[in-house]
Amino acid sequence: MATKKTSPRRNPMDQIMQASAAFGFRVYKSVFRHSWPDSARTRSLATMSNVFLHLHPTTIRRASLKVTYTFCLGGLSFFFFLVLTVSGVLLMFYYVPSVTQAYQDIKDLQTVVFAGQFLRNMHRWGAHAMVIVVFLHMCRVFYTRAYRPPREFNWVVGVLLLVLTFLLSFSGYLLPWDQLSFWAVTVGTNIAKATPFVGPEAQFLLIGGYEIGQNALIRFYTLHVIALPLAAAVLIAVHFWRVRKDGFSGGL
Amino acid sequence: MKQDYDTTNEKESLAPGHHPGPLPTDVRDTHVWDDTPEAINRRKFLTQLSIALGGLTGVALVVPVAAFIVAPLFKETPILWRQVKVNGQPGTLDKFKVGETVEVSFEDSSPVAWAGVTALTAAWMRRTSETEFTTFAVNCSHLGCPVTWLPGAQLFMCPCHGGVYYADGRVAAGPPPQALFHYETRVNNGNVEVKATGVPIPTE
Amino acid sequence: MADTSQERQANQEQAQAAAAETNRRAEARRRHDASNPLDKARPHRLLAVVKKEAGFIPTKEPSTIVHVWPHLLMIEFLCAIVFTVTLFITSAFINAPLEDLANPERTPNPSKAPWYFLNLQELLLHMDGGLAGVIVPTVVLLLIALVPYFDLGPGQMGRWFTSERGKAVVQFSAIYTAFWLFFLIAFDIFFPVKTLMKNLFPDASGKGILTTIKIPIPGGDPTYEPTPGGMLNVSVTPADIIFSNWIIPISVIFILSGLLIFLVRKRFNADRRDIFQALFTGFVVAFAITTVVGTAFRGYGQNFDWLWWAFKRPL
C-alpha cells in the first residue's frame, strides 16, 4: 500500500534558512574539516589540522599550563614580534629612509596621516616591551632549568634571539633621524669602535663611513626591515619547532 | 615524585639516540568535564564571552589599521587659486602681452599629496585677449617630457619624440595622442592666478 | 586508638559518596564519548618508525594530561587579549618621543645610547671601552649560551630555582650583587679609580717609563731620525690606564664572582646548579642596576646626578 508522504508544505523561508545553514556548515567544514571541538577527537583535530595551531602538541601536561610557571613570556615575545611586524609594515608605507625626508615623514605620520601617531607609538612601545619580555623569558627558562637535555641547543637559539632582539631594536632607533636617534646611535656605534683589534673597521662597516649619515641610515633601515627580521623569523621557527618536538618543560 | 623520564640519569639521556622523547600525543585527555546543566551553561556563556571579547579587540585594532591604509582616499587635495610668477616676480596683469606665450611658475602640492608640502611647478601661459589666459602644463601628453615654446615658429616642441603642438595646444605633429593639458586661469585684482589642482585637466 | 563504630560509619558514608561521585564522572565521560561515535577511533596515527631503544617508553600512564584546545589556547588567547588592550591604551595616550631634526653639529650632553645599552655605557665609565662594550658582553653571552652544556648535575627541571636551597642561593646572590654594585659605583664616584691610578703613576701619563718601550734594531742606524739611536719606539698604554681600565676592573669581576661562589658553597653547600644560579643572578641584578643607574642617574658629562631622571630622558 503506497502511502503518499503527506508532510505539510514547509514554509519557503524555513527552506531558505535550512539551505543556507547547510551551506554555511559545508563552508565551515571545508575550512576546519571537523565540527566544533567538543570531543576528544575533534579537540585533537583542532590543533592537529590547523597550520597555526599545530605549533602546539594536541595534549599537554596540566602542570605545563601553570601561568606561574611560564608567565606566558615565550608566547608574549612572539606576540610582540607579530605586533611589531604588522605595525612596522604599515609604517613603511609612509617612511622613506633618506636623511632629507625621513624626519619629515615621521612628522607627517604624527600630524597628517590618520592613526599614524598611534601606529608609531605601538611600534615604539611594543619594541621596548619585546626587549623586556624576551629578557624575562630567558630568566624564566634559566631559573626553571628548562634548558636541560634535550633542550640545550634550543637555549642557544634563544640566546641568539635575545641578541637579535637587541639588534632589531637598536637598528630601528636611528630611523626617525631626530637628535635622540642620531646621538644614541652615534654613542652605540662608538661602542663597536672599541672592539679590540678590529674596532674602527667594525664601526666603518656598520655605519658605512666615518660618521652617521645617509649610508648609516640605509644600512640600518635594510637591517631593520629585512635582514634582522628574516634572521629572527628563521630562528623563531627553529625555536618553536624544537619546543614542539621536545615538549613543554613544565611539570617534568 | 616519579618522573616521566629519569632526568637524573645523565649518561643515558645524553647518549646519542637516547634522548628522552616528547610526551606521546596519543594519551587520552584525562580531564573530566563537568557536564551538569549549570556547567554547560557557564561554559557556553564563557565561550560566547571570549568570542565577543576577541571580536571587540580585533575591531579595535582593525579600525585604526584599515583607516591608516585607506585614509588618503578620503583626504581631499585642497584646490587653491595661486598667483603665478614670471621670472621670479609676482605675475600681475601688466607682465603679459596679448598673444605672447611665457614660462610661469606657481606653487603646487608635491607628489606626496597628504604631506602638505608644496613645490614650484612650471607652466606655459598665453594671454589670448585682454581678459583671457590659457595655461598649458609643460608636460607633453605623449610621455610627459617638458615641451619648449618656440616663439619664432609659434609651436611647442617636445624634445623626446618630436611631438609638436600649435600655440593653442592642439597637436600639430608627432606621437602625442591629445592636446596639451591646461590649467584653469583667472585674473583676480590684477593678479594672474591658476587653479592648482595637483592633477592637470585635459584641454579638449 | 580504636575507631568508634560511629566514626567508622561516617568514614563508610564518605567512601560511598566518593565512589558515587567517581561513578557519576565516569558515566558523564562515557556519555560524552558516546556522543560522537568517531571518538572510539584511535586518536593517533603512525608518524615514524624508530629503533626500539630510541623510542620513548612511558613508565606509567601520565595522569594529568589535557587537550591543548581549549586548555592552553584559552590561556594564550586571554594573554594576547590583555596585552593587546594594554598596548592599545598605552599607544593611544603616550606618544613616542621625537626631538628636533638630527644635527651632527649640536651634541647633546649627556649623549646616551638606547636604554638597554646604558648598562654597557655605565660599565664604560669604569673600564676600557673595548672591555666594557665588547669583551664583557660577548663573554657573558657566550657563558650564558654554554650553561646547559655544563649544568649536568642531578636534580629536576621544571621547578622554579630547582630547590628551596636554590631559592635561598638566588636571594643571597641578588643581595650580594646589589650591595657590591652600589658600593663600587659609589666608590668610583667619591674616589675615581682613574684619578687614583694617575696619582699612583705620576710619570705614566705622557712620557713615563711605561709609555714607550725602546727596542734596539739590529744593525740600526743610530743617526736615523725616526728611530733615534737605532731603537724602535713601541708606544704602550700608560701604566695608570692599564691599571684603572683593565687590571682593576677584571680583577674586581673575577674576585667578586669567586667570592660569591665561595660564599654560596660555604653557606648553602651549593651544588653546581646553585653556583650557576648564583652567577646568573649576579648577571641579572648587575644588568638591571647598571641599566637603571645609566638611564636615570647619569647627567651632564655622565656624572652621577640624583635628579637627572626628573628631566625625563625620552626612551
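Residues numbered from 1 in each chain as written. Chains lettered and ligands numbered in written order. Predicted model: local features only at pLDDT ≥ 70, side-chain atom pairs only at ≥ 80, totals over all residues. Heavy atoms only, no water.

A.B. asks: Would you take a moment to explain the interface of chain A and chain C for this structure?
C.D. replies: The extent of an interface is frequently quoted as the accessible surface area lost upon association of the parts. Opposite the 85 residues of chain A that make contact, chain C presents 84 residues. Across the chain A/chain C interface, buried area totals approximately 7800 Å², and carbon plus sulfur atoms make up 71% of it. Broken down residue by residue, the surface that chain A buries against chain C is led by A:Y143, A:R145 and A:Q179, which jointly contribute 11%. For the interface between chain A and chain C, the tally reads one salt bridge. Notably, a salt bridge pairs C:D151 with A:R145, separated by 2.7 Å at the nearest N-O pair. (Contact = heavy atoms within 4.5 Å. Buried area = accessible area lost by both parts, 1.4 Å probe. Salt bridge = Lys/Arg side-chain N within 4 Å of Asp/Glu carboxyl O.)

A.B. asks: I'm lost on a nonpolar patch on the surface in this one. Help?
C.D. replies: Residues and elements named next belong to chain C. Judged by side-chain polarity, F179, F183, F187, I189, F190, F191 and L196 come together as a nonpolar surface patch covering roughly 700 Å² of accessible area. The leading source of residues in the nonpolar patch is helix α5 (residues 164-190), at five residues. Look at F183 and you get partly exposed, because its relative accessible area is 40%. (Patch = residues over 30% accessible without salt bridge, like charges linked within 9 Å, V, L, I, M, F, W, Y side chains within 5 Å. Areas by Shrake-Rupley, 256 points an atom, 1.4 Å probe, with all protein chains shown as cover. Helix = DSSP H or I, 4+ residues; strand = E, 2+ residues; numbered from the N terminus. Buried < 20%, exposed > 50% of the residue type's maximum accessible area, 1.4 Å probe, protein only.)

A.B. asks: Help me out: how do you make sense of the confidence of the model for chain B in this one?
C.D. replies: Do not read the predicted coordinates in detail wherever pLDDT is low. Chain-level pLDDT for chain B is 77 on average; 75% of the residues reach the 70-or-more range. Contacts of residues 1-26 of chain B to residues separated by more than four positions or lying in other chains number 54 contacts, the stretch itself having pLDDT below 50. (pLDDT = per-residue confidence, 0-100.)

A.B. asks: Explain the state of the cysteines here, please?
C.D. replies: Throughout this description, disulfide means a covalent bond between two cysteine sulfur atoms. Following the criterion strictly, the structure yields one disulfide over all chains and no others. Here B:C145 is linked by a disulfide to B:C160, with a sulfur-sulfur distance of 2.0 Å. Its S-S torsion of approximately -100° makes the covalent link between B:C145 and B:C160 left-handed. With B:C145 in the loop between β6 (133-137) and β7 (148-150) and B:C160 in the loop between β8 (155-157) and β9 (164-166), this pair connects stretches of sequence that are 15 residues apart. By relative accessible area, B:C145 is classed as buried at 15%. On the basis of relative accessible area, B:C160 is assigned to the partly exposed category, the value being 36%. A:C139 forms no disulfide, and the closest cysteine sulfur to it belongs to A:C72, at a distance of 17 Å. When its relative accessible area of 8% is taken as the criterion, A:C139 is described as buried. In this structure B:C158 is a free cysteine whose sulfur lies 3.8 Å from that of B:C140, the closest cysteine sulfur available. Take B:C158: its relative accessible area is 6%, and that puts it in the buried class. (Disulfide = S-S within 2.5 Å.)

A.B. asks: So what exactly am I meant to see when it comes to unusual backbone geometry here?
C.D. replies: Peptide bonds are trans in most cases, and residues, glycine excluded, mostly fall at negative phi. For the peptide bond that leads from A:P149 to A:P150, omega is 10°, which places it in the cis range. As for its placement among the helices and strands, A:P150 is situated in the loop between α6 (116-143) and α7 (152-173). Look at the link from C:W69 to C:P70: it is a cis peptide, with omega at 5°. Note that C:P70 resides in helix α2 (residues 68-93). In this model, C:T162 sits at a positive phi of 70°, which is unusual for a non-glycine residue. With respect to the helices and strands, the residue C:T162 is situated in the loop between α4 (129-150) and α5. Assessed through its relative accessible area of 10%, C:T162 is described here as buried. Even without being glycine, C:N269 reaches a positive phi, approximately 55°. Of note, C:N269 is situated in the loop between α7 (239-268) and α8 (272-296).

A.B. asks: Just to check I follow, could you spell out the packing of aromatic side chains for this structure?
C.D. replies: Where two aromatic rings form a pair, the distance of their centres and the angle of their planes describe that pair. Taken as a whole and judged by the stated rule, the model has 44 aromatic pairs over all chains. Both rings, one in A:F142 and one in A:W155, keep their centres 6.2 Å apart while their planes meet at 50°; by these two values the pair is tilted. Taken as a pair, A:F142 in helix α6 and A:W155 in helix α7 lie far apart in primary sequence, 13 residues in all. Side by side, A:F142 and A:W155 carry an identical accessibility label, which is buried. Grouping aromatic residues by their ring pairs yields a cluster made of A:F71, A:F135, A:F142, A:Y143, A:Y147, A:W155, C:W160, C:F161, C:F280, C:F283 and C:F287. Between the NZ or CZ atom of A:R124 and the centre of the ring of A:Y173, over which it lies, the distance is 5.0 Å. Its end group placed over the ring of A:F142, C:R273 keeps NZ or CZ at 5.0 Å from the ring centre. (Phe/Tyr/Trp six-rings, centres within 6.5 Å; stacked < 30°, edge-to-face > 60°. Lys NZ or Arg CZ within 6 Å of the ring centre and 35° of its normal.)

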